[in-house]
There are 2 protein chains.
Amino acid sequence: MTQHVVIVGGGFGGLTAARRLAREKDVRVTLIDRQNYHLFQPLLYQVATAGLSPSDIATPIRHLVAGRPNVEVRMGEVTSVDLANKRVKLTDAEVPYDTLVLAAGVRHSYFGKPQWEGDAPGLKTLDDALEIRRRVLLAFENAERETDPEKQTADLTFVIVGAGPTGVEMAGAISELARYTVADEFRKYNPRTARVILLEAGDRVLSAFDKDLSHKALESLRELHVDVRLNTRVVEVTGEGVKLENGFLASRTVLWAAGVEAPALSRSMGIETDRSGRITVNEDCSIPGHPEAFVIGDLANFKSPDGSALPGLAPVALQQGEYVARAIVARQRGREVKPFRYLDKGIMATVGRAFGIAQKGRFKITGMIGWLAWLFIHIVFLIGFRNRVLVMIQWAWAWATFGRGARLITGTTPVPSPTERRGLRSVNSPVKAA
Amino acid sequence: MTQHVVIVGGGFGGLTAARRLAREKDVRVTLIDRQNYHLFQPLLYQVATAGLSPSDIATPIRHLVAGRPNVEVRMGEVTSVDLANKRVKLTDAEVPYDTLVLAAGVRHSYFGKPQWEGDAPGLKTLDDALEIRRRVLLAFENAERETDPEKQTADLTFVIVGAGPTGVEMAGAISELARYTVADEFRKYNPRTARVILLEAGDRVLSAFDKDLSHKALESLRELHVDVRLNTRVVEVTGEGVKLENGFLASRTVLWAAGVEAPALSRSMGIETDRSGRITVNEDCSIPGHPEAFVIGDLANFKSPDGSALPGLAPVALQQGEYVARAIVARQRGREVKPFRYLDKGIMATVGRAFGIAQKGRFKITGMIGWLAWLFIHIVFLIGFRNRVLVMIQWAWAWATFGRGARLITGTTPVPSPTERRGLRSVNSPVKAA
């Protein structure tokens, strides 16, 4: 009998599972995603900082499973899952399943202050990245027109909240944008005076890495003139800037990279989640009491043998996607399924255009070598041959010239009038048809 | 004494004038544009049909005049020109000038029915192109979810109004998209059944060309399965489709390519314009009675010696930009200025991926050779070396694989619920902050 597997989410985990299951004859797959593309999320900050174009890091999901007749792709938003009746509910339909693979990922979290989102967008989707790019580039344009020196300073102050990989990568890239790429392009001010401030509540940057690597990354950020402030907690975000426990930073561009949480979907299912809404799973990635429902990738709270939860990394999602596909097939054939084991691929991050850190167990690299390793691995894993070639050319060109090719301000109302400027923060809210 | 030249518009005409004047010591230039980028408009339809990315055909204006200290770029929207007091008014400021070069271009025109725009977007800006791309790609997605066969047919019916170069190019590209690129990617219908209907009020396509070339282009369109309907006038456009004099075409995706008009700016100046608002100019491109104010490019109504107006073509704008820059310098030095003469560069258009037509006087080419000529000329003229290389690679790749690399649905609310679907048409309206 053909088994119907519904996969929610076309990210690393969901796509891997779908492609693996596509080879099986007695399995039919429906892959549901809100977007029509698979996104190479590790390079999303490059789109947000105008280094790459959206199509360099995104590929239509349909294209990635074309020629696999047992995989059906459906663009849609899942609002809830009815585990008891084995149905996935979309805004416009319901899809029944025999087996479910939930790989819906996470969103950025404002720690109970969702009202900050308009003034401090986060970076999870292509549209997020385009909105951040728009704001960063507009800030330089607005500063050129601004006659009030105080407001000009606020235009030229970029605050990034959270010093994980995304925050560190954005801070480095924006600082380089100001100091090199646009340095000669303005007449009323010197872009090199722009301030990039990276706020971190903890006591070091990139806390997933060992302390010595965190320290080297911090030094590298400071060499790039990023003003890193550790042990600094954000009290309030407004259209005027960021309020700290000990002061106020006037800034027109605040970006959020300070944590993630599961979509509302996960809490609505009436099952066990962790504090950020990630779904607690068994050692075979299934939901306790629901062997036919798996959760993988960032949305899963998978406990390692040592008791810690696996981090939200692409290699985890890829391996879990591969694992559940094999588990689904094995079960159907009545074979036993071994628990999932994560094979540690290490972690890496970059600061600017020539510094990277990488760590795998006790093996560590830093500096230019770390950056080249980062570059190599990211290009190798970019899905789709065309993208790899294009991205390599763009990077080689950008590296040689300090240029950033995608510096386009697109989207709504490019030039706000002065009275509208405060309203900038609300353009990211969903546009409802009248 | 330094002369202050204000140029409105960073298209082919305005940018050429700015770059030419940048060499002069006693001239100071302010270049104003609504966008931060120069757009290579002849390839805009490629973005609208997912063949190229925005950054392939757009370059930041500041980058194009970087290192020219006497050129200042200002992002802003010009609302009116006070010719008597020599001031350009922006939404947020006024800029005085000694000499004005108006190169603001034109918008598409709905022949007195601006209310059609929401249901039938036109193609003049990058944001227009992204909106069209979003609608075209969403139509295929919506058809996959649609269970009502009549509505599915409407989802798969693309109507393009106007068979000038833009309409013909879009029709050919959308037909190829359906028949080749996405042909294997849907399960609930066969994308090859999609209908592309090109409506033209006149009696032939591409009427700027000689009749034999129009005829060959028509044949080529029909080979691509484009349903071309000549002598067909649009009576009404709604969210449900297009009403004709003799029937109704149910369609969810109507695109407008049927004419242009000048922005409101031109009529507000109290000077002579033609029916579409283009400003009538003297033989030196200046406004009658205002030797210090020039109009160039699509916005100018420049009468050729034979009495016909010059067409809205890139070569006209480029030559006029060069001409007014030389005229401004010559006058300042007390030298005489000869009238502007357009050196005919010919005209060209393409249909799909292997057919082009080109005509210069009595010299004509068609077919694959015409297409290669078109390709060569467009790549040579693409401003910015990086873009040329990237575009060539993308085209070579797309040609070999029938792929279209930029098939991403970005922008507002990717998946409309059924009740919202009719509302799709309003998402292109400007978003105002609450």
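Conventions and cut-offs
- Residues numbered from 1 in each chain as written.
- Chains lettered and ligands numbered in written order.
- Predicted model: local features only at pLDDT ≥ 70, side-chain atom pairs only at ≥ 80, totals over all residues.
- Heavy atoms only, no water.
- Phe/Tyr/Trp six-rings, centres within 6.5 Å; stacked < 30°, edge-to-face > 60°.
- Helix = DSSP H or I, 4+ residues; strand = E, 2+ residues; numbered from the N terminus.
- Buried < 20%, exposed > 50% of the residue type's maximum accessible area, 1.4 Å probe, protein only.
- Pairing = 2+ DSSP bridges.
- Axes fitted to C-alpha atoms, helices over the stretch in contact; angles between N-to-C directions.
- Salt bridge = Lys/Arg side-chain N within 4 Å of Asp/Glu carboxyl O.
- Left-handed = near helix turned anticlockwise from the far one by under 90°.
- Contact = heavy atoms within 4.5 Å.
- Nonpolar A, V, L, I, M, F, W, Y, C, P; charged D, E, K, R; others polar.
- Right-handed = clockwise from strand over helix to strand, strands pointing away.
- pLDDT = per-residue confidence, 0-100.

Asker: For this particular structure, what's the right way to read the packing of aromatic side chains?
Answerer: Any two aromatic rings considered together are summarised by their centre-to-centre distance and by the angle between their planes. Residue and element names in this part refer to chain A. Per the counting criterion, the structure on display carries 20 aromatic pairs over all chains. Both rings, one in Phe140 and one in Phe158, keep their centres 5.3 Å apart while their planes meet at 35 degrees; by these two values the pair is tilted. One end of the pair, Phe140, is in helix 5 (residues 126-145); the other, Phe158, is in strand 11 (residues 157-161), and 18 residues separate them in sequence. A relative accessible area of 0% means that Phe158 is categorised as buried. Every member of this aromatic cluster is reached through a ring pair, and the members are Tyr110, Phe111, Trp116 and Trp256.

Asker: Which parts of the structure should I look at to understand the sheet that holds strand 6 (residues 78-82) of chain B?
Answerer: Sheet strands line up and pair through hydrogen bonds in the backbone, either parallel or antiparallel. Residue and element names in this part refer to chain B. Pairing within the open sheet is antiparallel, and its 3 strands lie in the order 6-7-8. Edge positions in the sheet fall to strand 6 and strand 8 (94-96), since each of these pairs with one other strand and no more. Mean inter-strand twist for the sheet, computed between neighbouring axes without regard to direction, equals 20 degrees. Judged from the 3 bridges that link them, strand 7 (residues 87-90) and strand 8 form a sheet pairing that is antiparallel.

Asker: So what exactly am I meant to see when it comes to the pattern of salt bridges here?
Answerer: Two side chains bearing opposite charge may form a pair once their charged atoms approach each other closely. Residue and element names in this part refer to chain B. By the definition in use, this model includes 40 salt bridges over all chains. Arg107 is the partner of Asp128 in a salt bridge, and the nearest nitrogen-oxygen pair spans 3.2 Å. Separated by 21 residues along the polypeptide, Asp128 in helix 5 (residues 126-145) and Arg107 in strand 10 (residues 107-108) bring together distant segments of the chain. Under the relative-accessibility criterion, Asp128 is labelled buried at 6%.

Asker: Would you mind going over the packing of helix 1 (residues 12-21) of chain B against helix 10 (residues 314-332) of chain B with me for this structure?
Answerer: The description of two packed helices rests on the angle between their axes and on the distance between the axes. Residues and elements named next belong to chain B. Interhelical geometry of helix 1 versus helix 10 gives an angle of 35 degrees and a closest axis separation of 7 Å. The chirality of how helix 1 crosses helix 10 is right-handed. Counted together, Phe12, Gly13, Thr16, Ala17, Arg20 and Leu21 of helix 1 and Ala314, Ala317, Leu318, Gly321, Glu322, Val324, Ala325, Arg326, Ile328 and Val329 of helix 10 form the full contact between these two elements. Across the contact of helix 1 with helix 10, the residue classes tally to 10 nonpolar, 3 polar and 3 charged.

Asker: Help me understand helix 1 (residues 12-21) of chain A, please; the structure alone is not making it clear to me.
Answerer: Given 3.6 residues per turn, any residue in an α-helix points the same way as the ones three and four places further on. When you tally the buried positions in helix 1 of chain A, you get 9 out of 10 residues, the bulk of the element. In this structure, the buried side of helix 1 of chain A is in contact with strand 1 (3-8), strand 2 (27-33), strand 3 (37-39), helix 4 (61-64), strand 5 (71-75) and helix 10 (314-332) of chain A.

Asker: Mind showing me how you'd approach the sheet that holds strand 12 (residues 195-199) of chain B here?
Answerer: All names here are of chain B. Within the open sheet, the 4 strands sit side by side as 13-12-11-17. Their pairing is parallel. The open sheet is flanked by strand 13 (226-229) and strand 17 (253-256), the only strands paired with a single partner. The sheet shows a mean angle of 20 degrees between the axes of neighbouring strands, taken without regard to direction. Judged from the 5 bridges that link them, strand 11 (residues 157-161) and strand 12 form a sheet pairing that is parallel. Each bridged residue has a counterpart across the sheet, and for Phe158 the counterpart in strand 12 is Val196. Sheet strands in contact with helix 5 are strand 11 and strand 17, and its direction is about 155 degrees off that of strand 17. Seen against the sheet, helix 8 (residues 211-223) touches strand 12 and strand 13 and runs at an angle of roughly 140 degrees to strand 13.

Asker: Which parts of the structure should I look at to understand the pairing of strand 2 (residues 27-33) of chain B?
Answerer: Residues and elements named next belong to chain B. By the criterion of burial, strand 2 is predominantly enclosed, with 6 of the 7 residues buried. In this structure, strand 1 (residues 3-8) lies alongside strand 2, joined through 6 bridges in parallel fashion. Bridge pairing links Val8 to Ile32 in strand 2. Note on the crossover from strand 1 through helix 1 to strand 2: the handedness is right-handed. In terms of strand pairing, strand 2 meets strand 5 (residues 71-75) through 5 bridges, oriented parallel. Residue pairing across strands places Leu31 opposite Val73, the latter belonging to strand 5.

Asker: When you look at the environment of Val254 of chain B in this model, what are you seeing that I'm missing?
Answerer: Residue and element names in this part refer to chain B. Position of Val254 among the secondary structure elements: in strand 17. Sequence separation between Val254 and Ala330 is 76 residues; the distance between their C-alpha atoms is 48 Å. In this structure, Val254 is in contact with Asp119, Ala120, Pro121, Val159, Val161, Val237 and Val242, ignoring residues within four places of it in sequence.

Asker: What's the story with the confidence of the model for chain A in this structure? I'm lost.
Answerer: A low pLDDT score tells you not to read the predicted coordinates there in detail. Residues and elements named next belong to chain A. Confidence in the prediction for chain A averages 90 pLDDT; 93% of positions are at 70 or higher. Segment residues 413-434 is flagged for pLDDT under 50; beyond a separation of four residues in sequence, or across chains, it makes 44 contacts in the model. Scored by ipTM, the complex comes to 0.87, with pTM at 0.90.

Asker: When you look at the side chain of Glu185 of chain B in this model, what are you seeing that I'm missing?
Answerer: Locating Glu185 of chain B in the fold gives a position in the loop between helix 7 (165-181) and strand 12. On the accessibility criterion, Glu185 of chain B (5% relative accessible area) is buried. With residues near it in sequence (within four places) discarded, Glu185 of chain B still touches Arg62, His63 and Ala66 of chain A together with Arg407 of chain B.

Asker: Looking at this structure, I do not really get unusual backbone geometry. What am I missing?
Answerer: With the exception of glycine, the majority of residues adopt a negative phi angle, and the majority of peptide bonds are in the trans configuration. Phi at Cys285 of chain A takes a positive value of approximately 70 degrees, unusual for a residue other than glycine. Tracing the backbone shows Cys285 of chain A in the loop between strand 19 (279-280) and strand 20 (286-287). Positive phi is not limited to glycine here, since Lys86 of chain B has a value of about 50 degrees. Following the sequence through the fold, Lys86 of chain B ends up in the loop between strand 6 and strand 7.

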